[in-house]
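Observations on chain architecture
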Amino acid sequence: MIELKNLSKTFSTPDGSLEALKDINFTVKDGEIFGIIGMSGAGKSTLVRCINLLERPTSGSVIVDGVDLGALPGKELRKIRRDITMIFQGFNLLMQRTCLENVCFPLELEGMRGKEAKKRALELLKIVGLSDKANAYPAQLSGGQQQRVAIARALATNPKVLLCDEATSALDPKTTKSILALLKDINQRLGITVIIITHQMSVIEEICDRVAILEDGEIVEQGEVSRIFSSPQSQAAKHLVFPDGEDALAERSGTQDVLRVVFNGSGSTDTPLIAQMAVEIGVAANILYASTKTADNRAFGSMLLSFPKDGVTAGRAAEYLRKFDGITVEEVL
């Protein structure tokens, strides 16, 4: 288990002190996939580097399995760092080495003999689906394949924790989805705790169990991903969960009442809910905006519905829609 307690980081700059992180507190449970999300400049990269003490916090503690990393001498800290490996947006592969040699590299640093290191590296390349690319060089691979090699290399020391710093930001959506599926498989198959650093809510939605939202160096909201998606409380969470311009559409609706309907795994994908509502209770809605998708026959996403501002119709619609599992309804003010 990883615990961050009252962690802060201040940098000295020519213009004075810069507070990059302010009183960060959260816990990552063993074996879970935990997301940290925020826009550029929120402090994400500084935070992930503080987790393994590549960046020393100005104050506060990083505790791994009950051990305060900041209190360890260098040799013991380096030993624990082998249990916490990282992958990056830029892959950071050695271009003059083959895929096999890249994966062997950390094993060689550990003192593992060549034949044994090669055997282990081939096993890891098989796990990431690149057995046939062992003798290829990084320049001969696609971006997604290079990231798979980087993941195999990160797994070489049998880590307990894998830190992913914007690991899919340089990839197209299809490749991103395949890398996330690989990370989820590794998490489930090997029991490795995964911490995802990203600015993309779609990544959090796809893979994470819980999420912390970082804004201006502070955690403004954290919890189960399903809860954050269905009922974001902070302004930062609302901006991340709901697409840009949704609130502006609500404002332009003028004198109408507006409801935001969030589908968080609703099983009502085969039911035309809005049309059914009109038939069953005689309430017709104007759809201002809709962004939903179906996964495993369950609906995810949100929509904005407007109704006459009569103090009754929107309330009746909300009462009706709330009867369905996986649907959250709130008034947009």
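Reading the values: rules and limits
Along each chain, the written sequence defines residue order, and numbers are assigned to residues from 1. Under the rules for a predicted model, residues below a pLDDT of 70 receive no local features and side-chain atom pairs below 80 are neither given nor counted, while totals for whole chains, interfaces and linings still include all residues. Side-chain figures throughout are based on the complete set of non-hydrogen atoms in the structure, without hydrogens or water. Each Phe, Tyr or Trp ring, with Trp reduced to its six-membered ring, pairs with another whose centre is within 6.5 Å; inter-plane angles below 30 degrees give stacked pairs, above 60 give edge-to-face pairs, and intermediate values give tilted ones. A simple rule labels every residue: compare its accessible area, found with a 1.4 Å probe on the protein chains alone, to the largest value its type can have, and call it buried under 20%, exposed over 50%, or partly exposed in between. Whether a charge lies above a ring is judged from NZ of Lys or CZ of Arg, which has to be within 6 Å of the ring centre and within 35 degrees of the ring normal. Numbering of helices and strands starts at the N terminus; helices are DSSP runs of H or I of at least 4 residues and strands are runs of E of at least 2. Should DSSP find at least two bridges between two strands, the strands are regarded as paired.

For the structure on display, the rule yields two aromatic pairs. On the numbers, 5.1 Å between centres and 20° between planes, the contact of Phe26 with Phe34 is stacked. Taken individually, Phe26 and Phe34 each receive the classification buried, so the pair is uniform in this respect. Over the aromatic face of Phe11 sits the side chain of Lys9, whose NZ or CZ is 5.0 Å from the ring centroid.

Each α-helix turn comprises 3.6 residues. Residues three or four places apart therefore point the same way. Most of helix α1 (residues 44–51) sits inside the fold, with six of its eight residues counted as buried. Three or more residues of α1 are buried, namely Lys44, Thr46, Leu47, Val48, Cys50 and Ile51. Looking one or two places after α1, you find Leu53, whose phi comes out positive at around 60°.

Our next topic: the sheet that holds strand β1 (residues 2–13). Strand order in the open sheet formed by four strands is β2-β1-β4-β5, with antiparallel pairing between adjacent strands. Edge positions in the sheet fall to β2 (16–28) and β5 (67–68), since each of these pairs with one other strand and no more. Pairing of β1 with β2 involves nine bridges; the strand directions are antiparallel. Looking at the pairing, Ile2 lines up with Val28 of β2.

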